[in-house]
Amino acid sequence: MTSSLPLLAGAALVAGLLGAPQTGATTTEHGRWAVSASRPQPAAKARPAAKTAVVAGRDDVVERVAARGTPDQRHVLDYWTPRRMAAAVPIDLLGTAAGMFGKPRVPLRRRAARTAGTRWNAGGSVTRTTGRVFLTLGGLDFVCSASSVRSTNKDLVVTAGHCVKDGTGAWADNWTFVPGYDRGRRPYGQFTARRMFVAGPWSRSADDSYDIGMVALNHRGGRHLGEVVGGQGIAFGTARGRQTHGFGFPAEPPYDGEHLVYCAGPVRDDPHGQTDDQGMRCDMTAGSSGGPWLSGFDAATGRGTITSVSSFKYSDDRGTMYGPYFGDVARELYTAAERS
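Residues numbered from 1 in each chain as written. Predicted model: local features only at pLDDT ≥ 70, side-chain atom pairs only at ≥ 80, totals over all residues. Heavy atoms only, no water.

Draft legend 1. Seen up close, the sheet that holds strand 16 (residues 261–266). Judged by pairing direction, the sheet is mixed, and its six strands sit side by side in the order 7-16-15-19-20-14 without closing on themselves. Both edges of this open sheet fall to strand 7 (118–119) and strand 14 (233–234), since each of them pairs with a single strand only. Bridging between strand 19 (residues 292–298) and strand 20 (residues 303–309) involves five bridges; their strand directions are antiparallel. Of the residues in strand 20, the one forming a bridge with L294 is I306. (Pairing = 2+ DSSP bridges. Helix = DSSP H or I, 4+ residues; strand = E, 2+ residues; numbered from the N terminus.)

Draft legend 2. A look at unusual backbone geometry. A cis amide bond links P253 with the next residue in sequence, P254, at an omega value of 10°. If you trace the backbone, P254 turns up in the loop between strand 15 (243–248) and strand 16. At K154, a residue that is not glycine, the phi angle is positive and equals roughly 65°. Structurally, K154 is set in the loop between strand 9 (140–148) and strand 10 (156–159). One non-glycine residue, A206, adopts positive backbone phi at about 55°. Residue placement: A206 occurs in the loop between helix 5 (200–205) and strand 13 (213–217). Since its relative accessible area comes to 17%, A206 is described here as buried. (Buried < 20%, exposed > 50% of the residue type's maximum accessible area, 1.4 Å probe, protein only.)

Draft legend 3. Focus on the side chain of D283. Considering the arrangement of structural elements, one finds D283 in the loop between strand 18 (278–281) and strand 19. Classification of D283 by relative accessible area gives buried; the value is 7%.

Draft legend 4. Main features of the pattern of salt bridges. Under the criterion given, the structure shown has 11 salt bridges. Of the charged contacts in the structure, one is a salt bridge between R183 and D182, with a shortest N-O distance of 3.0 Å. Looking at D182, the relative accessible area reads 21%, which means it is partly exposed. Its salt-bridge partner being D182, residue R185 comes within 2.7 Å of it at the nearest N-O pair. We classify R185 as partly exposed; its relative accessible area is 47%. Ionic contacts of the salt-bridge type, sharing partners, join the residues D182, R183 and R185 into one network. (Salt bridge = Lys/Arg side-chain N within 4 Å of Asp/Glu carboxyl O.)

Below you can see the structure in the form of structure tokens.
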């Protein structure tokens, strides 16, 4: 079996256990992550354990309440100093994959050619709606990518499930979204997580076909995220094999995470048959996880329709990025999140 590499930036982790939630019930986290790290991290302020719940009436949506009150929001905003943001960089993807999911390490084989990611310099809506995510898991600080999406609550972003919750393991803490990030600048500020949602199959078994996360954000200065930067469209059950643009902030060499990067091309079904995902030729690296895949993308306006997000690569093919197909489960996830 070919092993896969999640694109979450960070050090090797060993997952703890969570109590299995029952439909309609609320449970409290029981386990913590055991962490292997190459650099020490300042200890975060101790906080009460958050609660995890299955959304009533939706077996395939799992929710966690995040920073709702002003003190919690202030804690997250104060935590992310420029120094911590700069230090939240990825290390070896093999180490990440082995720790995150316990899959065997497989030597990476070099390929003659790859589709290189290119810095996006054309402006437009995508430069505002796409941003970097900063989060903490097991005391380590990580980076991902995400996009603002049009929604009823005007506060919603879509990203990869592993940028929100480590499969059967822990939920992220200190989760914050920085739209329009560019070389350390935060032109639209940063937005803390209010409620976080993942698909049930991701939470139960870390199924890569459902590596999808959605996060409802707190207001900033009394304004919704959608009012500040707008949002991309989103669609479910679309035709496969479409021309697609993938965006994100890859942070592992040859990239540095400081610029918005994109790849473009047709997508194809997973040739290994291990997932329901589609793949795009793209050499973006760790840190690009959760970045939006836009179909029907208009380069002049920077607008398109989100039909997937960057999720993983197979260890013997670093030149192809895979993303989950947005079907009925993704639709349920979006419906629950946009009404929160």
